[in-house]
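# Report on the structure
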Amino acid sequence: MKKLSFTLLILVLCFAVFAQPAVEKKETVNELRIVSLAPNVTEILCALGCESSLVGRTDYCDYPESVTSVPSIGTLYEPNLEAILALEPDVAIASSIVDPDFIASLEKAGVKAYQFLEEYNGLEGTYALIREVGEAAGKTKEAEELALNVKKRIEAVTALTSGVEKKSCIYIISWGDWGDYAATGDTYLNEVIKAAGAENAAEEALYWSISREFLLDKDPSYIILPTYAYTDPSQFENFRNTSPYSQLSGQLITIDGNAAERQGVRSADTVEAIAKALYPELF
């Protein structure tokens with residue numbers, strides 16, 4: 001199988017977004033019953049200590065592992081209205097991929113909804129996203145502390161790698177029959193790569209799309225292939241042995257694809273993982 005994660009490419013495009021509030025928060029978070037309609041939102045909520053308030057999640061919400069015991073309300077693309085309402089939530093937090101008419105149906109049924117409508121670019125957008133989710137969950141102070149912690153971890157890596165000769169790398173989203181996609185210069189992952197002290201070989205490209213000719217011309221020193229729970233290790237051997245990718249001279253490295261592609265609290269983990277793979281002597 002040559003596809004690494006075309007579906008997650010679509011998810012990444014939709015996750016990094018700006019929350020427009022449509023909720024009147026209750027006095028304490030313990031009173032809230034929250035349904036998360038995006039995996040990165042679920043991760044942020046749990047990091048804020050709101051896991052006990054989470055009464056619903058999507059099929060894609062699988063981190064931390066304990067959230068898999070929370071009832072699923074369907075997929076990111078097709079959440080089930082009846083399933084959500086049966087959980088009697090106070091708040092639903094949705095990404096832009098959810099149909100606005102669905103959000104309207106939630107509100108009509110008495111569920112206050114946040115929907116992410118505009119893209120949150122870069123790392124500053126990541127910190128802002130954490131704060132917005134915290135505000136929606138009644139955890140404003142905790143979210144501020146969490147955002148600062150993530151920022152400090154990332155800045156520490158950037159400072160550590162500031163004096164080294166920059167190595168080039170590329171984060172591959174998909175390749176082969178499904179098309180060639182990578183973290184291009186207009187994506188949030190571009191800043192993640194640069195924060196790790198590396199040069200993004202795909203920085204000149206746009207909209208996640210690259211050509212095979214572009215990839216061969218850049219021939220980055222490191223090729224990052226994300227892994228997921230369903231990843232078949234043979235995919236990496238196939239990449240190295242399949243033309244024209246077999247012509248690349250760069251070293252293959254793997255990192256957690258979900259942590260990388262779900263903009264939020266694990267963005268710091270990704271920056272650290274890339275830096276450790278490229279500059280192990282610094283750690």
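Note that this is a predicted model, so its numbers are computed, not measured. (Residues numbered from 1 in each chain as written. Predicted model: local features only at pLDDT ≥ 70, side-chain atom pairs only at ≥ 80, totals over all residues. Heavy atoms only, no water.)

## Thoughts on the overall build of the protein
Cut-off, in case you're wondering: Per the convention used, a helix needs a DSSP run of H or I reaching at least four residues, while a strand needs a run of E reaching at least two, with both numbered from the N terminus. When accessible area is computed with a 1.4 Å probe and restricted to protein chains, residues below 20% of their type maximum are described as buried, those above 50% as exposed, and intermediate ones as partly exposed. Using the Shrake-Rupley algorithm and a 1.4 Å probe, accessible areas are obtained, with residue cover drawn only from the displayed protein chains.
Regarding its fold elements, the protein presents eleven helices and ten strands. Counting the 283 residues in the protein, one finds 53% classified as buried. In the form shown here, the protein has an accessible surface area of approximately 12200 Å², with 48% of it arising from carbon and sulfur atoms.

## Observations concerning helix α9 (residues 234–241)
Put simply, the rule is: Note that the arc is defined by the directions from the helix axis to the C-beta atoms. Contacts are assigned to residue pairs with any non-hydrogen atoms lying within 4.5 Å of each other.
Among all positions in α9, only Q235, F236 and F239 are buried. The buried side chains of α9 occupy one side of the element, clustering within an arc of 100 degrees when seen end-on. Away from the buried face of α9 by more than 90 degrees, exposed residues E237 and N241 are located. Where the residues of α9 are buried, they touch β9 (222–227) and β10 (251–256).

## A word on the side chain of R57
Stated precisely, the cut-off is as follows: In this tally, Lys and Arg are treated as positive and Asp and Glu as negative; His is ignored, and so are the chain termini. Put simply, a salt bridge is a Lys or Arg side-chain nitrogen that is within 4 Å of an Asp or Glu carboxyl oxygen. N or O atoms closer than or at 3.5 Å make up a polar contact, with two conditions inside protein: a donor-capable atom paired with an acceptor-capable one, and, for residues adjacent in sequence, both atoms drawn from side chains.
By the secondary structure assignment, R57 is in the loop between β3 (54–56) and α3 (81–86). The side chain of R57 is buried and forms no salt bridge, while D59, the nearest opposite charge, is found at 5.4 Å. A distance of 3.2 Å separates a polar side-chain atom of R57 from the backbone oxygen of V67.

## A look at the pattern of salt bridges
Using the criterion set out here, one finds twelve salt bridges in the structure. R212 is the salt-bridge partner of D180, the closest N and O atoms lying 2.9 Å from each other. You can see D180 sitting in the loop between β6 (167–174) and β7 (181–182) and its partner R212 sitting in helix α8 (residues 212–218), a full 32 residues away along the chain. Classification of R212 by relative accessible area gives partly exposed; the value is 32%. The network of salt bridges with common partners includes E43, D62, D256, R262 and R266.

## A short note on the packing of helix α6 (residues 140–161) against helix α11 (residues 267–278)
Quick note on the threshold: To define axes, lines are fitted to C-alpha atoms, for helices over the stretch in contact only, and angles between the resulting N-to-C directions are given on a 0 to 180 degree scale. Note that the term roughly parallel is reserved for angles under 35 degrees, roughly antiparallel for angles over 145, roughly perpendicular for angles of 65 to 115, and oblique for everything else. Two helices cross in a left-handed way if the nearer one is turned anticlockwise from the farther one by less than a right angle. They cross in a right-handed way if the turn is clockwise. Charged residues are taken to be Asp, Glu, Lys and Arg, nonpolar residues to be Ala, Val, Leu, Ile, Met, Phe, Trp, Tyr, Cys and Pro, and polar residues to be all remaining types, Gly included.
Orientation of α6 relative to α11, taken along the N-to-C sense of each, is 15 degrees, at an axis distance of 8 Å. Our classification of the angle between α6 and α11 gives roughly parallel. Remark: the crossing between α6 and α11 carries left-handed chirality. On α11, the residues touching V150, R153, I154, V157 and T161 of α6 are S267, A268, D269, V271, E272 and A275. Split by residue class, the contact of α6 with α11 holds six nonpolar, two polar and three charged.

## Here's the deal with the environment of E261
Within the secondary structure layout, E261 lies in helix α10 (residues 257–261). For E261, a relative accessible area of 2% corresponds to the buried category. Expressed as a C-alpha distance, the spacing of E261 and A183, which sit 78 residues apart in the sequence, is 9.7 Å. Of the polar contacts made by the side chain of E261, one reaches the side chain of Y171; its length is 2.7 Å.

## Let's talk about the packing of aromatic side chains
The test is simple: The criterion for an aromatic pair is that two Phe, Tyr or Trp rings (for Trp, the six-membered ring) have centres within 6.5 Å, with stacked assigned to planes under 30 degrees apart, edge-to-face to planes over 60 apart and tilted to the rest. Geometrically, a lysine NZ or arginine CZ counts as sitting over a ring once it is within 6 Å of the ring centre and also within 35 degrees of the ring normal.
Going through the model one piece at a time under the given rule, you end up with five aromatic pairs. Consider the rings of W175 and Y245, whose centres lie 5.2 Å apart with planes at 80 degrees: the pair is edge-to-face. With W175 in the loop between β6 and β7 and Y245 in the loop between α9 and β10, the pair connects residues that are 70 residues apart, well separated along the chain. The same class applies to W175 as to Y245, namely buried. Taken together through their ring pairs, the aromatic side chains of W175, F239 and Y245 make up a single cluster. Residue placement shows R266 over the ring face of Y63; its charged tip is 3.6 Å from the ring centre.

## Let's talk about the side chain of S174
Within the element layout of this structure, S174 appears in strand β6. In this structure the side chain of S174 is engaged in a polar contact, spanning 3.4 Å, whose partner is the backbone oxygen of G179.

## With respect to the confidence of the model for the protein
Note the cut-off: By definition, pLDDT measures how confident the predictor is in each residue, and it falls between 0 and 100.
Model confidence for the protein is summarised by a mean pLDDT of 90, while 88% of its residues fall at 70 or above. Between residues 1–29, whose pLDDT stays under 50, and residues either more than four places distant or in other chains, the model counts 102 contacts.

## Description of the pairing of strand β4 (residues 91–94)
As a reminder, the rule being used: Any two strands between which DSSP finds at least two bridges are classified as paired.
Residues V91 and I93 line one face of β4 and the alternating positions A92 and A94 line the opposite face, and both faces are buried. Summarising the sheet, strand β2 (residues 34–37) and β4 pair through four bridges and their orientation is parallel. In the strand pairing of β4, L37 is matched with A94.

## Comments concerning the environment of S249
With respect to the helices and strands, S249 occurs in the loop between α9 and β10. When its relative accessible area of 60% is taken as the criterion, S249 is described as exposed. In sequence terms S249 and D219 are 30 residues apart; their C-alpha atoms lie 6.6 Å from each other.

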